Amino acid sequence: MFYRGWADYLAGTVPFIRDGLAADQRVAVAVPGPNLAVLRSALGGDAGRVHMLDMNEVGRNPGRIIPGVLRAFADEGTDTGRVRIVGEPIWPGRTDVEYPACVQHEALINRAFEGRDVTILCPYHAAELAPEVLADAEATHPVLVDREGVRVSDAFAPEEMVDRYNRPLPPPPGDCATLRFDVDGLAAVRRFVSGHAVAAGLSEWRAGDLAMAVNELATNSVVHGGGAGTVRTWAETGHVVCETADPGWITDPLVGRQPVPPDGVGGRGLLLVNELADLVRMHSAATGTTVRVYVRRG
């Protein structure tokens, strides 16, 4: 849904929400905080019947949105009919570092919800987002809505978009700390990450989260990525960053982005990484896999 102001925003979202409530459907809204406040006011008494979430918090890491927000809500209602969700994962405050992960998230939603009775409306601020972002939205959504009406997107090509944004990551800074590891070095990886994270300004608690996330990645490198890998860590503005690199190849872009059934095999490591991190960027190809984890300082 492309909107150009609050009138457009409310005209597109409020009827969508109220139609769902009228049909006795479960409805969730996950949008940035200011938009959430406007919607809550517009819905009045109906707001209490809607599951409302601040996307600035629950969806800061785009890799967490499908498993931790959308599927977490929709899967609770599998026996109660169709579910409706308003989800706004891309807003003008998104950074260039976050954006590729956002596009891949949008491109994977339909695949992640195959077989489920769900309708998801994704608002885009057409007056403030770049034309390239709006073009990407047309390529990741099968149906488009604006003040002119509803139309099928001729540009819809989600698989192409997943591949297009599977981009090599920029090189780490030359002064980053580096450690090679193998199966006997996982304890050293945890100590290495935790020590550098605390020195860079993370609390002991968040440094522990980062060490746990990188331990999962390093374990994946040992088990699935050729038995060894490299971990690097450094500080960027507002974040401590760690990355692992190994010769393995992750061919399923939904790994780590959707819940794993109780009897499922694999996939929990990257799921935990997405849960712990404020941002996860990944590039995987036949030449190897690099996963970069960001945790906010302060």
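Nothing here was measured: the structure is a model prediction, and the numbers come from that model. (Residues numbered from 1 in each chain as written. Predicted model: local features only at pLDDT ≥ 70, side-chain atom pairs only at ≥ 80, totals over all residues. Heavy atoms only, no water.)

Caption draft 1: Structural context of the packing of aromatic side chains. Per the stated rule, a full pass over the model turns up four aromatic pairs. Ring plane angle 85 degrees and centroid distance 5.9 Å describe the contact between Tyr-99 and Tyr-165, whose orientation is recorded as edge-to-face. Of this pair, Tyr-99 sits in helix α5 (residues 99–112) while Tyr-165 sits in the loop between α7 (158–164) and β9 (177–182), and the two are 66 residues apart along the sequence. Given the relative accessible area of 8%, Tyr-165 is considered buried. Through a chain of ring-to-ring contacts, the aromatic side chains of Tyr-3, Trp-6 and Tyr-9 assemble into a single cluster. Arg-26 extends its terminal NZ or CZ atom over the ring of Phe-73, reaching a point 4.1 Å from the ring centre. The ring of Phe-16 has Arg-84 sitting right over it, with the charged end atom 4.8 Å from the ring centre. (Phe/Tyr/Trp six-rings, centres within 6.5 Å; stacked < 30°, edge-to-face > 60°. Helix = DSSP H or I, 4+ residues; strand = E, 2+ residues; numbered from the N terminus. Buried < 20%, exposed > 50% of the residue type's maximum accessible area, 1.4 Å probe, protein only. Lys NZ or Arg CZ within 6 Å of the ring centre and 35° of its normal.)

Caption draft 2: Fine view of the packing of helix α8 (residues 186–199) against helix α9 (residues 204–224). At a minimum axis distance of 8 Å, the contact between α8 and α9 shows a crossing angle of 145 degrees. Relative to α9, α8 is oriented so that their crossing is right-handed. Within the contact between the two elements, α8 uses Leu-186, Val-189, Arg-190, Val-193, Ser-194, Ala-197 and Val-198 and α9 uses Glu-204, Ala-207, Leu-210, Ala-211, Val-214, Asn-215, Ala-218, Thr-219 and Val-222. Split into classes, the residues belonging to the contact of α8 with α9 amount to eleven nonpolar, three polar and two charged. (Axes fitted to C-alpha atoms, helices over the stretch in contact; angles between N-to-C directions. Left-handed = near helix turned anticlockwise from the far one by under 90°. Contact = heavy atoms within 4.5 Å. Nonpolar A, V, L, I, M, F, W, Y, C, P; charged D, E, K, R; others polar.)

Caption draft 3: Representation of α8 in the model. End to end, α8 covers 20 Å across 14 residues, agreeing with the expected 20 Å (1.5 Å per residue, within 8%). On its buried face, α8 sits against β9, α9, β10 (228–236) and β11 (239–246). Positive phi shows up at Gly-201, right after α8, with a value of about 115 degrees. (Expected span 1.5 Å × (residues − 1).)

Caption draft 4: Molecular detail of the environment of Thr-119. Relative to the elements of secondary structure, Thr-119 occurs in strand β5 (residues 118–121). When the C-alpha atoms of Thr-119 and Ile-90 are compared, they prove to be 18 Å apart, with 29 residues separating the residues in sequence. With sequence-adjacent residues up to four places away left out, Thr-119 is seen in contact with Phe-16, Arg-82, Val-83, Arg-84 and Ile-85.

Caption draft 5: The arrangement of the sheet that holds strand β13 (residues 288–296) in detail. Across the sheet, five strands lie side by side as β9-β10-β11-β13-β12; this open sheet has antiparallel pairing. Each edge of the open sheet carries a strand with a single partner, namely β9 and β12 (279–285). This sheet shows a mean twist of 15 degrees between the axes of neighbouring strands, independent of strand direction. Sheet topology note: the β9/β10 ladder contains six bridges and is antiparallel. Note on β10: the bridge partner recorded for Phe-181 is Gly-229. Packed onto the sheet, α9 meets β9, β10, β11 and β13 and runs at close to 10 degrees relative to β11. (Pairing = 2+ DSSP bridges.)

Caption draft 6: Structural context of the pattern of salt bridges. All chains considered together, the criterion is met by 18 salt bridges. Close ionic contact of Asp-46 with Arg-49 constitutes a salt bridge, the shortest N to O distance being 3.7 Å. Here Glu-98 makes a salt bridge to Arg-60, at a shortest N to O gap of 2.9 Å. Of this pair, Glu-98 sits in the loop between β4 (83–87) and α5 while Arg-60 sits in the loop between α3 (55–58) and α4 (65–74); the two residues are 38 residues apart in sequence, bridging distant segments of the chain. Of the two residues, Glu-98 and Arg-60, neither departs from the other in class, the shared state being buried. (Salt bridge = Lys/Arg side-chain N within 4 Å of Asp/Glu carboxyl O.)

Caption draft 7: The sheet that holds strand β3 (residues 51–54), seen in detail. Judged by pairing direction, the sheet is parallel, and its four strands sit side by side in the order β3-β2-β4-β5 without closing on themselves. Each edge of the open sheet is held by one strand with a lone partner, namely β3 and β5. Strand-to-strand twist across the sheet, computed as the mean angle between neighbouring axes with direction ignored, equals 15 degrees.

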